[in-house]
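Residue-level structural notes
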Amino acid sequence: MYHFTLDAFRGFRSRLDDIHLVHEVLDEIPLRLGLKALMPPFVLPYYNGVIPEDCGISAFVFLAGGHFTIHTFSFRRPSGGPATWPCGAAASAPSRAPASISKTISAPT
């Protein structure tokens, strides 16, 4: 099973809040990992939360045998940068995609 989670924060808000960019990244992930997407990406903006630090975009794409999820937190300012946690068999999948995805989302516009 391939289960990936990317929590993106401490980047440029213009990129963390870019619905089209998040969709484009999720379109590209299966290609970079050599996996098959089972559906188009689903992107859900969340900006009406009670806690501003929880606001951003949540998105996912179902893969054959798993999924890839992205959560952006455009108002959050933790001590670290974007983090990716591959779980299960995903830990042995090629690692070049998560690094490039983090760089794409947090790069300046």
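Look up a bit, the structure's there.
The rules behind each value
Residues numbered from 1 in each chain as written. Predicted model: local features only at pLDDT ≥ 70, side-chain atom pairs only at ≥ 80, totals over all residues. Heavy atoms only, no water. Phe/Tyr/Trp six-rings, centres within 6.5 Å; stacked < 30°, edge-to-face > 60°. Buried < 20%, exposed > 50% of the residue type's maximum accessible area, 1.4 Å probe, protein only. Helix = DSSP H or I, 4+ residues; strand = E, 2+ residues; numbered from the N terminus. Pairing = 2+ DSSP bridges. Contact = heavy atoms within 4.5 Å. Core = buried A, V, L, I, M, F, W, Y, C linked by side-chain atoms within 4.5 Å. Salt bridge = Lys/Arg side-chain N within 4 Å of Asp/Glu carboxyl O.

Enumeration over the complete set of coordinates arrives at three aromatic pairs. Ring plane angle 65° and centroid distance 5.1 Å describe the contact between phenylalanine 60 and phenylalanine 62, whose orientation is recorded as edge-to-face. The exposure class assigned to phenylalanine 62 is partly exposed, which follows from its relative accessible area of 40%. Three or more aromatic residues link up through ring pairs in this structure, and these residues are Phe42, Phe60 and Phe62.

Here the focus is the pairing of strand 4 (residues 66-73). On a regular strand, one side chain projects to one face of the sheet and the next to the other, so that they alternate. Burial analysis of strand 4 places six of its eight residues in the buried class, which makes it a mostly covered element. In this sheet, strand 4 lies alongside strand 1 (residues 2-9) in parallel orientation, the contact comprising eight bridges. Along strand 4, the bridge assignment pairs tyrosine 2 with glycine 66. Pairing of strand 3 (residues 56-63) with strand 4 involves eight bridges; the strand directions are antiparallel. Looking at the pairing, glycine 56 lines up with phenylalanine 73 of strand 4. Adjacent in sequence and paired antiparallel, strand 3 and strand 4 are bridged by two residues, among which glycine 65 carries a positive phi angle near 90°.

Next up on the list: the environment of proline 45. When you line up the elements, proline 45 lands in strand 2 (residues 42-46). With relative accessibility at 38%, the residue proline 45 sits in the partly exposed group. Apart from the residues within four sequence positions on either side, proline 45 is in contact with Ile19, Gly56 and Ile57.

To continue, consider the environment of glycine 66. By the secondary structure assignment, glycine 66 is in strand 4. Separated by 31 residues in the primary sequence, glycine 66 and leucine 35 have C-alpha atoms spaced 9.6 Å apart. Look past the residues within four positions of glycine 66 in its chain and what remains in contact with it is Met1, Tyr2 and His3.

Turning our eyes to something else, we now look at the nonpolar core. Counting residues in hydrophobic clusters, the biggest one holds 16 residues, and the most contacted among them are Leu26, Ile29, Leu33, Phe68 and Ile70. For this core, the elements supplying multiple residues, two or more each, are strand 1, helix 2 (19-33), strand 3 and strand 4. Of the residues forming this core, the biggest block, six residues, is contributed by helix 2.

What follows is about the pattern of salt bridges. This structure, assessed with the given rule, holds two salt bridges. Notably, a salt bridge pairs arginine 32 with glutamate 28, separated by 2.3 Å at the nearest N-O pair. Of this pair, arginine 32 and glutamate 28 both sit in helix 2, four residues apart, which is roughly one turn of that helix.

Nothing here speaks to function; it is geometry throughout.
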